[in-house]
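Listed below are the residues making up each chain.
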Amino acid sequence: MRVLIADPVAEEGIEALRAHAAVDVKTGMSRDELVAAIGEYDALVVRSETKVTAEVIAAGKKLQVIGRAGVGVDNIDVEAATAKGIVVVNAPGGNTTSAAEHTIAMMLALARHIPQANARLKGGEWRRSDFMGTELRNKTLGIVGLGNVGSEVARRCGAMEMRIIAYDPLVSADYARNMGVELVSLEELLQKADFITLHTPLTDKTRGLIGARELARVKPTVRIINCARGGIIDEEALFNAVEGGKVAGAAVDVFTQEPAKDNILFGCDRILVTPHLAASTAEAQAGA
Ligand code: 9EZ
């Protein structure tokens, strides 16, 4: 058995595989390098950086399994793999706590203007009145996508005494109710939420799920968090909504193009950004 690890994976994970197979770690390969190399391997392990396209899959003459160290499989052409009998497996759970905690860090940073206040104070300005905040208690949190991460966000925000509503067409009202979450339509969530957080996979159905039409329906005080996948929110529509006063603030960890450089969202002071850090904890890297 030969295994190719094409993205950075925790040393524990690599050692676990070495007990069973001949493992090569080659990160940062170009598309052509990957296509040229993949024919030798029975298994491929990636995170989110390597694009496992139909072309890569077609070149994988011996390929039996594609492992995603992490959750989202939007960088893998699952349909092309499945058509060739190649199994795609992910690691749901490994990142869940870290993703939920980063989401809550973003909510609190937004509510209390922490990044802006930090920058101004270190720049020599003691500006207390510019940074009046808002409590989370008694605010309505709208969770779009009540899967593993969305559910953990719900549990934590329940402890902060938020009211929680969620939109997820694949979840039962019973499942939600047991967590103290009210399932609503996307329309109702947009109208009622004080904070909106996204926790869906990126699919053809969720790309652009939150666009200009949706952002026209929210409260002007709403704060929006995307720690899920770039592209679920339309970046230009979000920028325009915040700049135009239709949305009070946003916090974004994921971008349509990564690594993100000169993204439109970087030009707005009320939009906080982090470079896809939600799963970047010692625990998540070892666990996923
Ligand atoms: C889509 C989803 C959730 C969702 C969740 C999952 C495939 N899929 N799609 C739209 N697992 C909320 C809104």
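Here the structure is shown first, and the text comes after it.
Definitions and limits used
Position numbers for residues start from 1 in each chain and track the written sequence from start to end. The model is predicted, so local features are restricted to residues of pLDDT at least 70 and side-chain atom pairs to those at 80 or more, both for listing and for counting; the totals for chains, interfaces and linings are taken over all residues. Neither water nor hydrogens contribute to the side-chain values; these are computed over all heavy atoms in the structure. Here, any two strands with at least 2 DSSP bridges between them count as paired. Only DSSP runs of H or I covering at least 4 residues are called helices, and only runs of E covering at least 2 are called strands; the numbering of each starts at the N terminus. When the strands point away from the viewer and the connection leading from the first strand across the helix to the second strand turns clockwise, the crossover is called right-handed. Between N or O atoms, a polar contact is any pair within 3.5 Å; within protein, one atom must be a potential hydrogen donor and the other a potential acceptor, and residues adjacent in sequence are included only when both atoms are from side chains. Whether two residues are in contact is decided by their heavy atoms: any pair within 4.5 Å suffices. We define the nonpolar core as a collection of buried residues of types Ala, Val, Leu, Ile, Met, Phe, Trp, Tyr and Cys that are connected through side-chain atoms lying within 4.5 Å of one another. Think of it in three bands: with a 1.4 Å probe and only protein chains considered, a residue is buried below 20% of the maximum accessible area for its type, exposed above 50%, and partly exposed in between. Only the contacting stretch of a helix is used when fitting its axis, a line to C-alpha atoms as for every element, and angles between N-to-C directions run 0 to 180 degrees. Each aromatic pair joins two rings of Phe, Tyr and Trp (for Trp, the six-membered one) with centres within 6.5 Å, and gets the label stacked for planes under 30 degrees apart, edge-to-face for over 60, and tilted for any other angle. We call a residue near a molecule or strand when any one of its heavy atoms sits within 4 Å of it. Each accessible area is a Shrake-Rupley result for a 1.4 Å probe, and residues are judged covered by the shown protein chains and nothing else. The classification used treats Ala, Val, Leu, Ile, Met, Phe, Trp, Tyr, Cys and Pro as nonpolar, Asp, Glu, Lys and Arg as charged, and all other residues, Gly among them, as polar.

Chemist: Even after reading the chapter, I still don't get the pairing of strand β2 (residues 22-25), so can you show me in this structure?
Modeler: On any regular strand, side chains alternate: one points to one face of the sheet, the next to the other face. Both strand β1 (residues 2-5) and β2 contribute to a ladder of 4 bridges, which runs parallel. The residue bridging Leu4 from the neighbouring strand is Asp24, located in β2. As a crossover connection, the stretch from β1 through helix α1 (residues 11-18) into β2 is right-handed.

Chemist: Help me understand the side chain of Thr50, please; the structure alone is not making it clear to me.
Modeler: Here Thr50 lies in the loop between β3 (43-46) and α3 (54-59). Within the local environment of Thr50, its side chain forms a polar contact with the side chain of Asp7, the two groups lying 2.7 Å apart. With near-sequence residues (within four places) excluded, Thr50 lies in contact with Ala6, Asp7, Leu34 and Asn75.

Chemist: Mind showing me how you'd approach the nonpolar core here?
Modeler: The nonpolar side chains of soluble globular proteins are, as a tendency, buried together. Ile196, Ile210, Leu215, Ile224, Leu238, Val247 and Ile271 are the most contacted members of the largest nonpolar core, which totals 31 residues. At the level of elements, α9 (186-192), β9 (195-198), α11 (235-243) and β11 (249-252) are the ones that each hand at least two residues to this core. By residue number, the principal contributor to this core is α11, which donates 5 residues. When sequence neighbours within four positions are dropped, the list of residues in contact with Ile196 reads Gly142, Val144, Leu189, Leu190, Val218, Val222, Arg223, Ile224 and Ile225. Ranked by size, the runner-up nonpolar core spans 27 residues in total, among them Leu110, Leu146, Val181 and Ala278.

Chemist: Would you take a moment to explain the sheet that holds β11 for this structure?
Modeler: In sheet architecture, strand pairing relies on hydrogen bonds along the backbone and comes in two forms, parallel and antiparallel. Strand order in this open sheet of 7 strands is β8-β7-β6-β9-β10-β11-β12, and the pairing throughout is parallel. Across the chains shown, the open sheet's two edge strands, defined by having one partner strand only, are β8 (182-183) and β12 (271-273). Taken together, the 3 bridges between β11 and β12 define a ladder with parallel strand orientation. For Val252, the partnering residue across the bridge sits in β12 and is Val273. Across the sheet, helix α7 (residues 148-159) touches β6 (140-144), β7 (163-167) and β9, and the angle it forms with β6 is around 170°.

Chemist: Is there a simple way to explain unusual backbone geometry in this structure?
Modeler: Note: most residues except glycine have negative phi, and most peptide bonds are trans. Residue Pro259 is bonded to the preceding Glu258 through a cis peptide linkage, with omega at -5°. Relative to the helices and strands, Pro259 resides in the loop between β11 and β12. Positive phi outside glycine occurs at Asn138, with the angle close to 70°. By secondary structure assignment, the location of Asn138 is in the loop between α6 (114-122) and β6. Since its relative accessible area comes to 45%, Asn138 is described here as partly exposed. For Glu161, which is not glycine, the phi dihedral falls at a positive 65°. As for its position among the elements, Glu161 is in the loop between α7 and β7.

Chemist: Can you walk me through the environment of Arg137 in this structure?
Modeler: Note that Arg137 resides in the loop between α6 and β6. The class for Arg137 is partly exposed, based on a relative accessible area of 43%. Residues in contact with Arg137, not counting those within four places in the same chain, are Met160 and Glu161.

Chemist: How should I be thinking about the packing of aromatic side chains in this particular structure?
Modeler: By convention here, two paired aromatic rings are described through the distance between centres and the angle between planes. Within this structure, the stated rule accounts for 1 aromatic pair. Aromatic side chains Phe255 and Phe266 sit 5.8 Å apart centroid to centroid with 80° between the ring planes, which places their arrangement in the edge-to-face category. Here Phe255, found in the loop between β11 and β12, pairs with Phe266, found in the loop between β11 and β12; they are 11 residues apart in sequence, far enough to count as distant. Given the relative accessible area of 40%, Phe266 is considered partly exposed.

Chemist: Is there a simple way to explain the site of the ligand in this structure?
Modeler: Close contacts around the ligand come from Gly145, Tyr167, Asp168, Pro169, Leu170, Thr200, Pro201 and Thr206, and that covers them all. Coverage of the ligand by the protein chains reaches 72% of its 340 Å² of free accessible surface. For the shell around the ligand, the per-class residue count stands at 4 nonpolar, 3 polar and 1 charged.

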